[in-house]
Amino acid sequence: MIVVVQVLAGIVFFALIIVSVLLHECGHFIPAKIFGVKVTEFFAGFGPKIWSFKRGETEYGFKWIPLGGYVRLVGMYPAEVHHRRVNNLTQLADEARAAEAQDITDADGGRLFSDKPVWVRLIIMSGGILTNLLLAFLLFWAVFGIYGQSIETTTVAAVTACVPMNQNQPECSAQDPPTPAAKTGLQPGDHIVSFNGEHIESWSQLQELIRDNGDGPVRLEVERDGHAMNLKPTRTIVNEMPDINNPGRTVTVGYLGFSPTMVIVHSGPGDTIAQMWMMSKQSLSALARLPVLTWNVASDMVTGKTRDVNSPMSIVGASRVAGDIAGNGHLTLADKIASGASLLGGLNLFLFWFNVVPLPPMDGGHIAGAVWESCKRGIFRLAGKPDPGPADTAMMLPVAWFIGILMLVMGLVLIVADVVSPVRIF
């Protein structure tokens with residue numbers, strides 16, 4: 001029965017991911033229709049066609065590879081560009097324009113994407129990524145506001161007794177030195193008021209101060225049983241800890257040796273935005289290292305090493321994780337719904353930042369092209385020079401192909417890894 005629940009939950013979550021992708025495409029499609037751009041296709045999936053219907057000039061349908069979707073806007077490349085010299089790159093760009101011209105008729109004057117003003121193109125291309133950002137915000141706000149979230153406080157939950165010399169030995173031995181927290185006399189229930197004279201407002205502030213302190217001196221002021229008191233001065237030590245913005249890697253930072261008390265709080269929209277910014281830092285860190293992280297996943301899969309729980313996943317892997325959450329008998333229904341919504345929100349937030357990258361074929365690449373065109377035309381106008389014409393985004397085709405192939409390879413590697421060596425969160 002548990003397996004059935006896991007499979008069904010995974011399928012439902014996979015479908016919700018596809019819905020998120022289609023809503024992203026609607027973010028392009030709706031403003032494109034409003035501004036009169038010719039749109040010939042709106043499909044879920046890629047590859048061979050399963051089923052479709054045509055309404056007006058647009059064909060809607062499904063394709064066999066359910067790993068996304070797309071909207072075909074006619075005229076993505078400027079129709080006429082005069083090159084100063086002819087080379088392989090300009091010939092490639094001209095061929096792309098010629099292929100696109102097959103969908104252009106004499107009645108399409110002014111309806112091509114490249115014919116529209118820069119501000120219109122920016123609205124159309126930013127519509128998709130803003131849809132993902134809005135979905136992430138709504139999902140996280142619902143979770144944080146209704147279900148709540150566990151946050152760390154500056155009240156001590158437990159003090160670690162020692163720094164084990166042998167990492168494989170969980171219990172303290174006579175040879176293991178006490179932690180700085182134990183040396184200073186910190187106790188469970190203490191509320192930390194100041195660190196080295198700096199007043200403490202939040203756990204994130206305290207955590208950053210401890211990590212940045214290295215092996216420096218420590219003076220703690222705490223509130224214990226309603227009374228303020230200064231603890232015995234000591235020094236933090238350096239230790240290997242998970243990176244805050246990239247939990248998959250470790251960094252050498254200052255270490256005190258205690259765990260904070262966790263409380264459930266219900267957040268409003270302002271706190272939700274703050275939490276999303278913290279998560280965005282982790283997403284950007286993972287995005288910057290995505291090829292390396294994917295290589296590590298492939299290496300671990302080949303060598304049989306246990307998959308890192310913080311490693312990147314494909315939508316197949318995310319669906320498996322959603323299935324594992326649904327099948328966990330120790331979680332309540334509310335826990336499962338909140339975890340699934342958070343997972344879907346995190347995916348939408350990552351898709352937002354992924355598509356912001358200012359390189360084709362991502363949306364950010366088209367946005368960057370429109371911004372460059374506007375700046376170039378403005379500079380020429382101020383210099384009293386003739387209009388240089390539209391930016392030839394077709395010249396970026398080799399970059400788009402390289403990134404497209406890289407994304408395909410990484411996607412296939414992660415899908416295989418998610419089947420052979422999936423992430424285990426329980």
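By convention here, each chain's residues receive numbers from 1 onward along its written sequence. The predicted nature of this model means local features are confined to residues of pLDDT at least 70 and side-chain atom pairs, given and counted, to a pLDDT of 80 or more, with totals for whole chains, interfaces and linings taken over all residues. Only hydrogens and water are removed before side-chain values are computed, so all heavy atoms of the structure are retained for them.

A.B. asks: Is there a simple way to explain the overall build of the protein chain in this structure?
C.D. replies: Every helix listed is a DSSP run of H or I at least four residues long, and every strand listed is a run of E at least two residues long, numbered separately from the N terminus. Counting its secondary structure elements, the protein chain contains 11 helices and 12 strands. For the protein chain, the spread of C-alpha atoms along the three principal axes comes to 85 × 65 × 45 Å. Under the scheme applied here, a residue whose accessible area is under 20% of the maximum for its type counts as buried, over 50% as exposed, and between as partly exposed, the area being computed with a 1.4 Å probe on protein chains only. Counting all 426 residues of the protein chain, 41% fall into the buried class. It only takes one pair of heavy atoms within 4.5 Å for two residues to be counted as in contact. Once local pairs closer than 6 in sequence are excluded, the contacts in the protein chain between residues at least 24 apart make up 66%. For the protein chain, the accessible surface area stands at approximately 23,200 Å², while carbon and sulfur atoms represent 64% of it. Between the centroid of the 31 positive side chains of the protein chain and the centroid of its 36 negative side chains there is a distance of 6 Å. All accessible areas in this document rest on Shrake-Rupley with a 1.4 Å probe, and a residue is counted as covered only by the protein chains that are shown. Neither His nor the chain termini are counted; the positive set is Lys and Arg, and the negative set is Asp and Glu. Here the site of a charge means atom NZ of a Lys, CZ of an Arg, CG of an Asp or CD of a Glu.

A.B. asks: It is not clear to me how the pattern of salt bridges should be interpreted in this structure. Could you clarify?
C.D. replies: Oppositely charged side chains are able to pair whenever their charged atoms sit close together. Put simply, a salt bridge is a Lys or Arg side-chain nitrogen that is within 4 Å of an Asp or Glu carboxyl oxygen. Under the criterion given, the structure shown has 8 salt bridges. Arg377 is the partner of Glu373 in a salt bridge, and the nearest nitrogen-oxygen pair spans 2.8 Å. With a gap of 4 residues between them, Glu373 and Arg377 both fall in helix α10 (residues 363-382), about one helical turn apart. Between Arg377 and Asp387 there is a salt bridge; the shortest N-O distance is 3.0 Å. Taken together, the residues Arg377 in helix α10 and Asp387 in the loop between α10 and α11 (397-420) connect sequence positions 10 residues apart. The class of Arg377 is partly exposed, set by a relative accessible area of 26%. Classification of Asp387 as exposed rests on a relative accessible area of 56%. Counted as one network, the salt bridges with shared partners bring together Arg121, Glu373, Arg377 and Asp387.

A.B. asks: Got a minute to help me understand the nonpolar core in this structure?
C.D. replies: Most often, soluble globular proteins have nonpolar side chains that are buried together. Nine residue types can take part in a nonpolar core, namely buried Ala, Val, Leu, Ile, Met, Phe, Trp, Tyr and Cys, and a core is a set of them joined through side-chain atoms within 4.5 Å. With 26 residues, the main nonpolar core has Leu73, Phe113 and Ile124 as its most contacted residues. No other element matches helix α3 (residues 118-147), which puts 9 residues into this core. If near-sequence neighbours (up to four positions away) are discounted, Ile124 is found in contact with Gly27, His28, Pro31, Ala32, Phe35, Val37, Leu73 and Phe113. In terms of nonpolar packing, the next biggest core, distinct from the first, is built from 15 residues, Leu186, Ile192, Leu231 and Phe258 among them.

A.B. asks: Looking at this structure, how should I read the state of the cysteines?
C.D. replies: Formally, a disulfide is one covalent bond, and it connects the sulfur atom of one cysteine to the sulfur atom of another. We call a pair of cysteine sulfur atoms a disulfide whenever their separation is within 2.5 Å. Following the criterion strictly, the structure yields 1 disulfide and no others. Between the sulfur atoms of Cys162 and its disulfide mate Cys172 the distance is 2.0 Å. A torsion of -100 degrees about the S-S bond marks the disulfide between Cys162 and Cys172 as left-handed. Placement of Cys162 in the loop between β3 (149-159) and α4 (180-184) and of Cys172 in the loop between β3 and α4 is noted, with a sequence separation of 10 residues between them.

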